[in-house]
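# Structural description and commentary
The lines below spell out each chain.
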Amino acid sequence: MLPVLGLWLAALAPLCWIPGGFSRFVLAKLLLSALAVLAAALTTPRGALPRALVLAGVAWAAVFTLAGLAGDTPYASLLGRWPRYEGLPVLALYGASCWAGARVVGRGEAGRARLSYAVGSLALALAVLSVLDALGVSPLGPSTEARTGSVLGNATDQGAVAMLAALVLAGPALRPADHGSRVRGYEVTGLVAAVATVAISGSRTALGLTLLGLLATVVLQVRDNASDRRAHGPTAARSRLLAPLGGSASILALVLLALVVPSTRDRLLGLGTAEGRLHQWRLTLDLVLDHPLLGIGANRYVDAFPAYEDTVFVDFTGPQRLADSPHSVILQVLVAGGLLLLVATLLGVVVVARRAREALLDHPEVRPAAVAVAGYLVLACVNFTTAGPTCLAAFLLGTVLAVRPEERERFRLHLPVAVVAAGLAVALAAACLGDRALQRGLVAADQRAVDDATGEFDRAARWRAWDVAARLIPARILAEQAAAGDPEAAASGEAFARDALARVPGSYEALVALAVNLSAQGRLDESRDVLDRAAALAPRRPDAYVQRAIARAGLGEVDAALVDLRRAQEINPRSAVIRRLIRQVSASSPASP
């Protein structure tokens, strides 16, 4: 019972979200993944991870921790920050998901059949939700985004999960059925559903890697059929035709669907996003070169990168949107831990590659999962990692690397893993409740019910006592209300902003929120000083200049205010608000007629 529960929780975790939450997708998926690890820890193992891989993971975590402690914000670096929370607990959960995959699926065809059922169910459910989303009748509610990502919250994550499912199912779907027509039919149906979801997602990377993965699966299956020709006897001809015909049909269906879906077709013809990412990587390398040995610590990119931005990149993201990830797992590693963490990562990759090679030679049934994980690793090189696809990919990797459990009986991890997984599940459940409180606070703030909003924000901060975002997001929301003329919001917003800055003193967003709340209370000189710090941290973002101009105008520093506004206009020339402020401040200048 527990192995089955662990398998299904891990497989279906990408489908979960927090109804009525503010950031609905990441925390719910992490919660189910933690429960999957707990179920795996409490069951009799069907497999285990090689000792060398466990030791490599411990060494990697040690370097990650060292880099976090050496950085400017060790608290946030090690615990994680919104939106992906990839601190030590979540990264440990990724590793534990790999351990759980080895433990509940193990080795052999029977485990592969159970895995196919679970992944096929994921593919079917995700396809249904994706189609509903595309038709505008999603259970998540309406969205203004062209590519919403369905229950993954991000279109690339949606495509990544569908790609993983498609490549896991493609191998068994394109070979003669070994477990009866029911299993085979379910695998084929799941493959069709996963291919459709990849096309709907509009992710060019997921689309291209799915095509390559399907092609590789066909080639390998044709080779297997040719080598087993004599064993198949009279049925060999039909067996040889199945892989090329079925694979060709899958590839053709994927291409046709990509051309039929308007948003996907438009993205295939555009290169703006790709050019923007390449430019971001070049800028990120400048940051890495300034901190080569241990990086800057995890979860600090959003604070440190604005100092390296240029006008081209700000135009790419938009003036108000800060990048919180370099969109490449390789650069993520370098930023978080420098060359030391990169070396530890490469060591882990070597251990994984050696064990995967052994597994593929001895147990060819693991090949579909291996192809799927390889595809995700390539995708992660040009995208950020996040809970939905990463937990699933880690679980699948565990099924590839599994060895017999008796080979590791001296290294019993299940009891400490169970304790940690249970504690993490409790913390994540509380965080989900806090996420709902955060959303209720946002709704109350929009309705100008500041007391109710502050109460909900306080409740969210209690549920998520470890989370910087539970202070920073309320500070920003209340700052908006304060700027709109609500003096009650300003005092509460100031308290939340100062609490956030106590944990992340270099946060541009927290500094601007604090300054707005101070200005709303008439403390203009304090606001100006805070904004001096914010403008120095992000010299090519307009908000600090606009707010400093407002503070300076209130203090009678009209010429300095105009300098700030014109600088903001250079960054964001299309802003009607900035043009209006320039007219108003110019009219109040002593030099104006």
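Residues numbered from 1 in each chain as written. Predicted model: local features only at pLDDT ≥ 70, side-chain atom pairs only at ≥ 80, totals over all residues. Heavy atoms only, no water.

### Section: the overall build of the chain
In terms of helices and strands, the chain carries 27 helices and zero strands. Relative to its length of 593 residues, the chain is compact, with a C-alpha radius of gyration of 26 Å against a globular reference of 25 Å. Seen through its C-alpha atoms, the chain measures out along the principal axes to roughly 100 × 55 × 45 Å. Buried residues in the chain amount to 54% of all 593 residues. Accessible area of the chain: about 25000 Å², with a carbon and sulfur share of 63%. On the chain, the mean spot of the 57 positive side-chain charges and the mean spot of the 47 negative ones are 9 Å from each other. (Helix = DSSP H or I, 4+ residues; strand = E, 2+ residues; numbered from the N terminus. Rg over C-alpha atoms; globule rule 2.2 N^0.38 Å. Buried < 20%, exposed > 50% of the residue type's maximum accessible area, 1.4 Å probe, protein only. Areas by Shrake-Rupley, 256 points an atom, 1.4 Å probe, with all protein chains shown as cover. Lys, Arg positive; Asp, Glu negative; His and termini not counted. Charge placed at Lys NZ, Arg CZ, Asp CG, Glu CD.)

### Structural notes on the packing of aromatic side chains
For any pair of aromatic rings, the description consists of the separation of the ring centres together with the inter-plane angle of the planes. If you walk through the whole model with that rule in mind, you get eight aromatic pairs. Measuring from centroid to centroid gives 5.5 Å for Y85 and W466, while their planes differ by 70°, and the two rings are edge-to-face. Of this pair, Y85 sits in the loop between α4 (74-79) and α5 (88-105) while W466 is found in the loop between α20 (450-463) and α21 (469-483), placing the two residues 381 residues apart along the sequence. Taken together, the ring pairs in this structure connect Y301, F305, F313 and F316 into an aromatic cluster. The ring of F384 carries the charged tip of R84 above its face, separated from the ring centre by 4.2 Å. (Phe/Tyr/Trp six-rings, centres within 6.5 Å; stacked < 30°, edge-to-face > 60°. Lys NZ or Arg CZ within 6 Å of the ring centre and 35° of its normal.)

### Considering the packing of helix α2 (residues 26-41) against helix α18 (residues 387-401)
Two measures define how a pair of helices packs: the angle their axes make with one another and the distance between the axes. Where α2 contacts α18, the two axes come as close as 9 Å, and the packing angle between them is 20°. Viewed along their axes, α2 and α18 adopt a mutual orientation that is roughly parallel. For α2 against α18, the interelement crossing comes out right-handed. Contacts between α2 and α18 involve V26, K29, L30 and S33 from the first element and A387, G388 and C391 from the second. Partitioning the contact of α2 with α18 into residue classes produces four nonpolar, two polar and one charged. (Axes fitted to C-alpha atoms, helices over the stretch in contact; angles between N-to-C directions. Parallel < 35°, antiparallel > 145°, perpendicular 65-115°, else oblique. Left-handed = near helix turned anticlockwise from the far one by under 90°. Contact = heavy atoms within 4.5 Å. Nonpolar A, V, L, I, M, F, W, Y, C, P; charged D, E, K, R; others polar.)

### A short note on the nonpolar core
Soluble, globular proteins show a tendency: their nonpolar side chains are buried together. In this structure, L30, V37, L49, L164, L191 and F395 are the most contacted members of the largest nonpolar core, which totals 151 residues. In contact with L191, other than residues within four places in its own chain, are A166, L169, A170, A173, L214 and S250. Membership of the second largest hydrophobic core comes to 12 residues, among which are L287, Y301, F305 and L334. (Core = buried A, V, L, I, M, F, W, Y, C linked by side-chain atoms within 4.5 Å.)

### Re the confidence of the model for the chain
Per-residue confidence for the chain gives a mean pLDDT of 90; residues scoring 70 or more make up 91%. Below a pLDDT of 50 lies the segment residues 407-411, which in the model reaches 10 contacts outside its immediate sequence neighbourhood of four places, other chains included. (pLDDT = per-residue confidence, 0-100.)

### Topic: helix α27 (residues 576-587)
When the terminal C-alpha atoms of α27 are compared, their 17 Å separation across 12 residues agrees well with the 16 Å that a helix rising 1.5 Å per residue should span. Within the sequence span of α27, burial applies to I578, L581, I582 and V585. All buried residues of α27 project into a common sector of 105° when viewed along the axis, lining one side. For α27, the exposed residues lying more than 90 degrees away from the buried face are R583 and A587. (Expected span 1.5 Å × (residues − 1). Arc of directions from axis to C-beta.)

### Regarding empty space enclosed by the protein
Here the structure, examined in full by the defined rule, presents three cavities of 30 Å³ or more. Its volume calculated, the second largest cavity comes out at about 70 Å³. G171, R175, T217, L220, Q221, P364, R367, P368 and V371 are the residues that line the second largest cavity. Of all the secondary-structure elements, those providing two or more residues to the lining of the second largest cavity are α9 (204-227) and α17 (367-380). Looking at the lining of the second largest cavity, its residues break down into four nonpolar, three polar and two charged. (1 Å grid on protein atoms, 1.4 Å probe; cavity = no way out; pocket = protein on both sides within 12 Å on 5 of 7 lines; lining within 4 Å. Points joined across faces, edges and corners; volume = space filled by probe spheres on them.)

### Structural notes on the side chain of T217
With respect to the element layout, T217 can be found in helix α9. A distance of 2.8 Å separates the side chain of T217 from the backbone oxygen of G213, its partner in a polar contact. The residues contacting T217, other than those within four sequence positions of it, are A170, G171, L174 and V371. (Polar contact = N/O pair within 3.5 Å; in protein donor to acceptor, adjacent residues only side chain to side chain.)

### A closer look at a nonpolar patch on the surface
Together, L66, L293 and L340 make up an exposed nonpolar region whose accessible area comes to about 270 Å². Position of L66 relative to the elements: it lies in helix α3 (residues 51-70). Looking at L66, the relative accessible area reads 45%, which means it is partly exposed. (Patch = residues over 30% accessible without salt bridge, like charges linked within 9 Å, V, L, I, M, F, W, Y side chains within 5 Å. Salt bridge = Lys/Arg side-chain N within 4 Å of Asp/Glu carboxyl O.)

### Remarks on unusual backbone geometry
Across the junction of W82 and P83, the peptide omega takes the value 10°, indicating a cis bond. Within the secondary structure, P83 is located in the loop between α4 and α5. Positioned with a positive phi, Y85 is a non-glycine residue whose angle comes to about 60°. The exposure class assigned to Y85 is buried, which follows from its relative accessible area of 2%.

### Overview of helix α23 (residues 508-520)
In this model α23 runs 19 Å from its N-terminal to its C-terminal C-alpha over 13 residues, within 8% of the 18 Å that 1.5 Å per residue would give. Counting buried positions over the 13 residues of α23 gives 11, a clear majority of the element. For α23, every residue scored as buried is listed here: Y508, A510, L511, V512, A513, L514, A515, V516, N517, L518 and S519. If you follow the buried residues of α23, they end up packed against α14 (301-304), α21, α22 (487-503), α24 (524-537) and α25 (542-554). Phi turns positive one or two residues past the end of α23, at G522, with a value near 85°.

### So, the pattern of salt bridges
For side chains bearing opposite charge, pairing can occur when the charged atoms are close. What the rule picks out here adds up to 22 salt bridges. In this structure, D529 engages R528 in a salt bridge whose closest nitrogen and oxygen atoms are separated by 3.7 Å. Two residues, R552 and D564, come together in a salt bridge whose shortest N-O distance is 2.9 Å. Taken together, the residues R552 in helix α25 and D564 in helix α26 (residues 558-571) connect sequence positions 12 residues apart. Taking relative accessible area as the criterion, D564 reaches 3% and is therefore assigned buried. The structure contains a network of salt bridges with shared partners spanning R528, D529, D532, R548, R552, E557 and D564.

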